[in-house]
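Structural features, examined
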Amino acid sequence: EAPHGHDGHPAPLQLDHGRKWATDEPLRSNMSAIRAVLETRLAALHRGTLTKADYQMIGATVEHHVGKIVAECKLPPQADAMLHLVVADLIAGADALQGKTPTVPSTGARQVVQALDAYGAYFQHPGWQPLH
């Protein structure tokens, strides 16, 4: 578990002594797949034209790839602890997208986009581009 501060929030993401954290192929391929499913629907997301089924499909896709990351990704302990912060945001977003929480699906989509951007900022992933 990530260390918790006095306010109950997990420790913030941070770099590895100024460098991005190492990644492995299962992590990179699954994060790329999550990014791709959002990228193709970004315009519709911004316009607010996604249907409930669209949100559920995106959420299910995120959940599927997060499951593969958890099962297949093998990072050093400190990198893994940082990845858990990103994964927690991905799971929260996926749950909201699928209507499993009171959070609005579009908010869940934003959570996933923010998690992807954080991943790109803190983890080594050649060619990674933030979503806009």
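Quick note: structure is the one above.
Things to note about the side chain of Thr23
- Topologically, Thr23 is positioned in the segment before helix H1 (25–39).
- Accessibility expressed as a relative area gives 15% for Thr23, which makes it buried.
- Separated by 2.7 Å, the side chains of Thr23 and Arg28 make a polar contact.
- Engagement of the side chain of Thr23 in a polar contact is seen with the backbone oxygen of Gln124, the distance being 2.6 Å.
- Excluding anything up to four places from it in sequence, Thr23 contacts Arg28, Leu75, Tyr119, Phe123 and Gln124.

Section: helix H5 (residues 105–122)
- With 18 residues, H5 should reach 26 Å at 1.5 Å per residue; the first-to-last C-alpha distance of 26 Å fits that figure.
- Turning to H5, its buried residues number three or more, namely Gly108, Ala109, Val112, Val113, Ala115, Leu116, Ala118, Tyr119 and Gly120.
- Looking at the buried positions of H5, the neighbouring elements they touch are H1, helix H2 (42–47), helix H3 (52–72) and helix H4 (77–97).

Remarks on the nonpolar core
- In this structure, Met31, Ile34, Leu38, Leu83, Val86, Leu90 and Phe123 are the most contacted members of the largest nonpolar core, which totals 37 residues.
- Mapped by element, the contributors of at least two residues to this core are H1, H2, H3, H4 and H5.
- Excluding residues within four positions of it along the chain, Leu90 makes contact with Met31, Ile34, Val62, Val66, Val112 and Ala115.

Some details on unusual backbone geometry
- Backbone geometry places His17, a non-glycine residue, at a positive phi of 50°.
- Among the secondary structure elements, His17 is positioned in the segment before H1.
- Note on His17: relative accessible area 71%, which makes it exposed.

Rules behind the numbers
Residues numbered from 1 in each chain as written. Predicted model: local features only at pLDDT ≥ 70, side-chain atom pairs only at ≥ 80, totals over all residues. Heavy atoms only, no water. Helix = DSSP H or I, 4+ residues; strand = E, 2+ residues; numbered from the N terminus. Buried < 20%, exposed > 50% of the residue type's maximum accessible area, 1.4 Å probe, protein only. Polar contact = N/O pair within 3.5 Å; in protein donor to acceptor, adjacent residues only side chain to side chain. Contact = heavy atoms within 4.5 Å. Expected span 1.5 Å × (residues − 1). Core = buried A, V, L, I, M, F, W, Y, C linked by side-chain atoms within 4.5 Å.

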